[in-house]
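Listed below, chain by chain, are the residues.
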Amino acid sequence: MDQDKHILTMLVENEPGVTARIAGLFAGRGYNIETICGAPTANPKMSRITITTRAHPLQLEQCKKQIKRLVNVIKLRDMTGEKAVKREMALICVKVSLEKKQDLNQIITAFQGRIIDTGPEYYIVEVNGDEDTIDDLLGLLEPFGIKKLARSGVLALYKET
């Protein structure tokens, strides 16, 4: 049975230990968390946690039931479908040489990225987009030489009707 990628978002009480309990639930059942993002919402008493994981559909349903039982979880949604806006940010430190500087600048511009720091032999680039966009950019930057990479993980919100 294949494992599908799922994006779960939870509205939780903004209290110490909530994220650890949710992550522990995944670890205790042998599920890997690929990405996890958490931050307060417009209401400072609540936070939104977004988790990306791979699981079999039946395993995921069981996991969702267990998450809903946690006291501090207010709401849980599966954002895997198309009705959600999903974005990720990446900071990429890429090697740059004088002869390839123009090519690198064109690639960054095509992906609506920003150069946020420069050095004699590197750029640090910021880019936002869906996971595929970030992956595509990384593929194009690979030949230049990626020195460091930091990705935020997926953030998701349902589209309002």
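A. Examining the overall build of the protein more closely. Across its full length, the protein carries four helices and nine strands. In the protein, the succession of α and β elements from N to C terminus is β-α-β-β-α-β-β-α-β-β-α-β-β. The buried share of the protein, reckoned over its 161 residues, is 36%. Taking the intrachain contacts of the protein between residues at least 6 apart in sequence as the baseline, contacts between residues at least 24 apart amount to 74%.

B. Just the pairing of strand β6 (residues 114-118), in detail. One ladder, built from four bridges, connects β6 with strand β7 (residues 122-129); its direction is antiparallel. Paired with aspartate 117 across the bridge in β7 is isoleucine 124. Taking the residues between adjacent antiparallel strands as the criterion, β6 and β7 are bridged by three residues.

C. Broad picture of helix α4 (residues 131-141). For α4, every residue scored as buried is listed here: Ile134, Leu137, Leu138 and Leu141. The buried residues of α4 occupy one face: seen down the axis, they fall within an arc of 100°. Looking at the buried side of α4, the elements it contacts are β5 (84-95), α3 (101-110), β7 and β8 (146-151).

D. Region of interest: a positive patch on the surface. On the surface, Arg29, Lys65, Lys68 and Arg69 cluster together into a patch of positive charge. Along the chain, arginine 29 falls in the loop between α1 (18-28) and β2 (33-40). Judged by its relative accessible area of 42%, arginine 29 falls in the partly exposed class.

E. α3, seen in detail. The complete set of buried residues in α3 reads Leu104, Ile107 and Ile108. What you see down the axis of α3 is that its buried residues fit within an arc of 100°, all on one side. Exposed residues lying more than 90 degrees from the buried face of α3 are Gln102, Thr109 and Ala110. The inward-facing, buried residues of α3 contact β5, β6, β7 and α4. Count one or two residues on from α3 and you reach glutamine 112, which has phi positive near 55°.

F. Examining the environment of glutamine 59 more closely. Assignment of secondary structure puts glutamine 59 in helix α2 (residues 57-69). Taking the C-alpha atoms as reference, glutamine 59 lies 9.5 Å from glutamine 3; in sequence the two are 56 residues apart. If we ignore the near neighbours within four places in the chain, the residues touching glutamine 59 are Gln3 and Tyr31.

About the criteria used
- Residues numbered from 1 in each chain as written.
- Predicted model: local features only at pLDDT ≥ 70, side-chain atom pairs only at ≥ 80, totals over all residues.
- Heavy atoms only, no water.
- Helix = DSSP H or I, 4+ residues; strand = E, 2+ residues; numbered from the N terminus.
- Buried < 20%, exposed > 50% of the residue type's maximum accessible area, 1.4 Å probe, protein only.
- Contact = heavy atoms within 4.5 Å.
- Pairing = 2+ DSSP bridges.
- Arc of directions from axis to C-beta.
- Patch = residues over 30% accessible without salt bridge, like charges linked within 9 Å, V, L, I, M, F, W, Y side chains within 5 Å.
- Areas by Shrake-Rupley, 256 points an atom, 1.4 Å probe, with all protein chains shown as cover.
- Salt bridge = Lys/Arg side-chain N within 4 Å of Asp/Glu carboxyl O.
- Lys, Arg positive; Asp, Glu negative; His and termini not counted.
- Charge placed at Lys NZ, Arg CZ, Asp CG, Glu CD.

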